[in-house]
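# Descriptive structure summary
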Amino acid sequence: MKKTLALALAVVMSLGLLAGCGNSGEKNPGSSGSGSTPNTSASNPGGSSNPANSIPEAPAGGGTVGVCIYKFDDAFMTTYRNSLEEILEGKGYKVTVVDGNNDQAKQNEQINNFITQGVDALIINPVMTSAADQIITTVKDANIPTVLINREPTAEQMAAYDKLVYVGCDARQSGTMQGELILDTATGGDINGDGVIKYIMIQGDPENIDAQYRTEFSVKALEDAGKKVEQLNLTRGDWDRNRGQEIAANDLAQFGDQIEVIFCNNDDMAIGALQAIQQAGRKVNEDIYLVGVDALDAALNEVQAGNMTGTVLNDAVGQATAAVAEMEKLLGGATYSSGNQSVYVDYVKVTPENVSEFMK
Ligand code: GAL
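Residues numbered from 1 in each chain as written. Predicted model: local features only at pLDDT ≥ 70, side-chain atom pairs only at ≥ 80, totals over all residues. Heavy atoms only, no water.

What follows deals with unusual backbone geometry. One non-glycine residue with positive phi stands out, namely D294, at about 130 degrees. Relative to the helices and strands, D294 resides in the loop between β9 (289-291) and α10 (297-304). Taking the relative accessible area as the measure of exposure, D294 reaches 5% and is therefore buried. In this structure, A295 is a non-glycine residue whose phi angle is positive, near 60 degrees. Looking at the element boundaries, A295 is found in the loop between β9 and α10. (Helix = DSSP H or I, 4+ residues; strand = E, 2+ residues; numbered from the N terminus. Buried < 20%, exposed > 50% of the residue type's maximum accessible area, 1.4 Å probe, protein only.)

As structure tokens, then:
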């Protein structure tokens, strides 16, 4: 009886996966709690073209894993790689984590070295999304089970190799949540009440889909709520705190009180922007709003202190856990069918009301 129920559940979940994330171009980020975004628990049935009940158990640890990170000098990816290392080591794997120094050629070499060393599996955070085809060809030729993280290739690219899966988040959801954080403020973002929300956008690396979607969907959420918006400036800050500070300082000098909202594609840039806001004598949540993404510890502190309007949890531990789980399925012999190679972890809105739940 129990077995039948489990099998039925596995079938329902597989169908859910097919419907939920068949094609990365068709995902709907929805808004918080809409249920339209696949989440890990629901979209993680094995992702396999094999029936879930026929996937052999992965060997219990003991293998070697190569982890490639696009660069170590990135606040969010530092939390992420530390979690990955801890989880993998905790499970008995021998892990080597390497720094790509934001250089795709260097990362290609690192991947080749891992292959020569004969690692059992790879977890790769590509430097450039545009390098996905090359990375996928390399790992396929070497027949190494591979989990891509943080920078999502297209479903078509991933379809080239059935021992490949992507674990990440749907960045549209984080953008939508940033917009909602602004809509939920006392003035709905229109501090001076002139009927137009004027903002600046501090963007991550524009080659990165997270930067593209957060930029687009944060503003779309305002427009979808019927608000008029005006972008005063958009500048790439490459996810970097110092760049966030410089850009915000320049924009505050140029546009002054006209700026009502500063959207930052991530928290590290938002923390930098906050320094500029404070230097300019402005006060967050009184005469300007500021939002980021990631829920870095520093940002959580600022949200609690009222110095950031809010942020969005980019769940590093959840993604690291899911990445290792998918890797173990691959090691156990699972394969992924085309269109079913993405596993998503949900973002969560962080406000002064719920921030304490996220603080360690
Ligand atoms: C994003 C994250 C950024 C940065 C980027 C690197 O998901 O929000 O802070 O780490 O990944 O690709």
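So that's the structure; there's more coming.
Moving on to the confidence of the model for the chain. When the pLDDT values of the chain are averaged, the result is 87; 83% of them are 70 or greater. Summarising per-element confidence for the chain, the mean pLDDT is lowest in helix α1 (residues 2-20) (34) and highest in strand β8 (residues 261-264) (99). The low-confidence segment residues 1-58 (pLDDT under 50) makes 97 contacts with residues lying over four places distant or belonging to another chain. (pLDDT = per-residue confidence, 0-100. Contact = heavy atoms within 4.5 Å.)

What follows concerns the pattern of salt bridges. If you walk through the whole model with that rule in mind, you get 13 salt bridges. Its salt-bridge partner being R236, residue D205 comes within 3.7 Å of it at the nearest N-O pair. With D205 in the loop between β6 (196-203) and α7 (209-224) and R236 in strand β7 (residues 228-236), this residue pair connects regions lying 31 residues apart in the sequence. What makes D205 buried here is its relative accessible area of 12%. Between K329 and E326 there is a salt bridge, and its shortest N-O distance comes to 3.1 Å. Linking K329 with E326, this pair stays in helix α11 (residues 316-331), spanning three residues, or about one helical turn. Exposure remark for E326: the relative accessible area of 0% places this residue in the buried category. Members of the salt-bridge network, linked through shared partners, are D205, R236 and D238. (Salt bridge = Lys/Arg side-chain N within 4 Å of Asp/Glu carboxyl O.)

Moving on, we come to the packing of helix α9 (residues 267-279) against α10. Between α9 and α10, the shortest axis-to-axis distance is 9 Å and the interhelical angle comes to 50 degrees. In terms of orientation, α9 and α10 fall into the oblique class. Judged by the twist between their axes, the crossing of α9 over α10 is left-handed. Contacts between α9 and α10 involve D267, I271 and L274 from the first element and A298, A299 and E302 from the second. (Axes fitted to C-alpha atoms, helices over the stretch in contact; angles between N-to-C directions. Parallel < 35°, antiparallel > 145°, perpendicular 65-115°, else oblique. Left-handed = near helix turned anticlockwise from the far one by under 90°.)

In a beta sheet, neighbouring strands pair by backbone hydrogen bonds and run either parallel or antiparallel. With parallel pairing, the six strands of this open sheet are ordered in space as β2-β1-β3-β4-β5-β11. Strand pairing shows two members of the sheet lacking a second neighbour, β2 (94-99) and β11 (342-344), which therefore form its edges. If you compare each strand with its neighbour and ignore which way they point, the axes differ by 20 degrees on average. As defined by bridge partners, strand β1 (residues 64-69) adjoins β2 across six bridges and the pair is classed as parallel. (Pairing = 2+ DSSP bridges.)

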